[in-house]
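Here are the chains, one letter per residue:
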Amino acid sequence: FLMNFSLIAIFFFIPSYILYVMNGSATQSGLTTTLLSIPGLFMGPIYSRMIANKGSARGVLTIGMILRVVVHAAFIFILSPSTDLMVIYALMIIAGFCQSAHVCTMPTAPQIQLAADKRTYGNAMIQVTMALGSSIGSAVYSMVIAAKGIVDGLKVAFVIAMVAAIIVLVISQFLVKNEEN
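Residues numbered from 1 in each chain as written. Predicted model: local features only at pLDDT ≥ 70, side-chain atom pairs only at ≥ 80, totals over all residues. Heavy atoms only, no water.

Participant: I'd like a description of the overall build of the protein chain, backed by residues and values.
Facilitator: Along its length, the protein chain carries six helices and zero strands. Reading the secondary structure of the protein chain in the N-to-C direction produces α-α-α-α-α-α. Taken against the 2.2 N^0.38 rule, which gives 16 Å for 181 residues, the C-alpha radius of gyration of the protein chain at 17 Å falls within 12% of a compact globule. Looking at the protein chain as a whole, 47% of its 181 residues are labelled buried. Accessible surface for the protein chain amounts to roughly 8700 Å². Of this, 72% is attributable to carbon and sulfur atoms. Distance from the positive charge centre (9 side chains) to the negative charge centre (5 side chains) of the protein chain: 3 Å. (Helix = DSSP H or I, 4+ residues; strand = E, 2+ residues; numbered from the N terminus. Rg over C-alpha atoms; globule rule 2.2 N^0.38 Å. Buried < 20%, exposed > 50% of the residue type's maximum accessible area, 1.4 Å probe, protein only. Areas by Shrake-Rupley, 256 points an atom, 1.4 Å probe, with all protein chains shown as cover. Lys, Arg positive; Asp, Glu negative; His and termini not counted. Charge placed at Lys NZ, Arg CZ, Asp CG, Glu CD.)

Participant: Lay out the layout of surface pockets with the relevant residues and their values.
Facilitator: In this structure, the largest pocket occupies an estimated 500 Å³ of space. Met 3, Leu 61, Met 106, Ile 126 and Leu 175 are the residues nearest the centre of the largest pocket, which is lined by 19 residues in total. At the level of secondary structure, the elements contributing two or more residues to the lining of the largest pocket comprise helix H1 (2-20), helix H4 (85-113), helix H5 (119-148) and helix H6 (150-172). Residues of the lining of the largest pocket, tallied by class, amount to 14 nonpolar, five polar and no charged. (1 Å grid on protein atoms, 1.4 Å probe; cavity = no way out; pocket = protein on both sides within 12 Å on 5 of 7 lines; lining within 4 Å. Points joined across faces, edges and corners; volume = space filled by probe spheres on them. Nonpolar A, V, L, I, M, F, W, Y, C, P; charged D, E, K, R; others polar.)

Participant: With reference to specific residues and values, describe the environment of Ile 136.
Facilitator: Along the chain, the position of Ile 136 falls in helix H5. For the pair Ile 136 and Ile 8, spaced 128 residues apart in the sequence, the C-alpha separation amounts to 9.5 Å. For Ile 136, the residues in contact, after removing those within four places along its chain, are Phe 1 and Phe 5. (Contact = heavy atoms within 4.5 Å.)

Participant: How would you sum up the side chain of Arg 68? Please name residues and give values.
Facilitator: Tracing the sequence through the fold places Arg 68 in helix H3 (residues 58-78). Of the side chains with opposite charge, Asp 152 comes closest to the buried, unpaired Arg 68, at an N-O distance of 22 Å. One polar contact links the side chain of Arg 68 to the main-chain carbonyl oxygen of Met 3, over a distance of 2.9 Å. Arg 68 has contacts with Met 3, Ser 6, Leu 7, Cys 98, Gln 99, His 102 and Ala 165, leaving out every residue within four places of it along the chain. (Salt bridge = Lys/Arg side-chain N within 4 Å of Asp/Glu carboxyl O. Polar contact = N/O pair within 3.5 Å; in protein donor to acceptor, adjacent residues only side chain to side chain.)

Participant: Please provide a residue-by-residue account of the nonpolar core, values included.
Facilitator: If you look at the biggest cluster of nonpolar residues, it comprises 51 residues, and the most contacted ones within it are Ile 14, Phe 75, Ile 88, Leu 154 and Phe 158. Mapped onto this core, the elements with two or more residues apiece are H1, helix H2 (26-54), H3, H4, H5 and H6. The leading source of residues in this core is H4, at twelve residues. For Ile 88, the residues in contact, after removing those within four places along its chain, are Ile 14, Ile 18, Met 22, Thr 32, Phe 75, Leu 79 and Thr 83. (Core = buried A, V, L, I, M, F, W, Y, C linked by side-chain atoms within 4.5 Å.)

Participant: So what's going on with unusual backbone geometry? Which residues, and what values?
Facilitator: Phi angles above zero are rare outside glycine, and Asn 23 is one such case at about 55°. Positionally, Asn 23 belongs in the loop between H1 and H2.

Participant: Go over the packing of aromatic side chains, please, and point to the residues and values.
Facilitator: Counted according to the given criterion, the structure contains five aromatic pairs. Geometrically, the ring pair formed by Phe 1 and Phe 5 is stacked, given 5.9 Å between the ring centres and 20° between the ring planes. Ring geometry for Phe 13 versus Tyr 141: centroids 6.2 Å apart, planes at 90°, classification edge-to-face. Placement of Phe 13 in helix H1 and of Tyr 141 in helix H5 is noted, with a sequence separation of 128 residues between them. By relative accessible area, which is 0% here, Tyr 141 ends up buried. (Phe/Tyr/Trp six-rings, centres within 6.5 Å; stacked < 30°, edge-to-face > 60°.)

What follows is the structure, encoded as structure tokens:
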């Protein structure tokens, strides 16, 4: 839940910020989500192998959440109407490393972390909570942006998203290897 809740601040609202605040083009705006996805092409197999070799998703979640906190903090302090697009693009590439950790962890971790008889239930619950996190995140961030305006509101949204990422980081430290495997 909190991983998608935290992610939606970057995935949905940065392109809107580029369009409506920075008066960027649709191409400039759309490039942000493309750059967010590219690291996953390379990191997906690496992260999945790390989870399988360790028998736990803790390491990959830790890497991903630390990067997410750093990226959210950078957006809080750097993002302004005059921010150079190249800076935003660089942050989106870095965010792509945490995005790919997130995307790899969700389907892979239950296969490793859960006992065989609980894997189907675990996968189903993860899918439901991911969808819920995205929809609630969109609603919360939209309300914040509507109340404070897109420039100030997005900074508040990133603070909320960063807190969610920190909570995931802390919770992930309690993951243990499933000794059944």
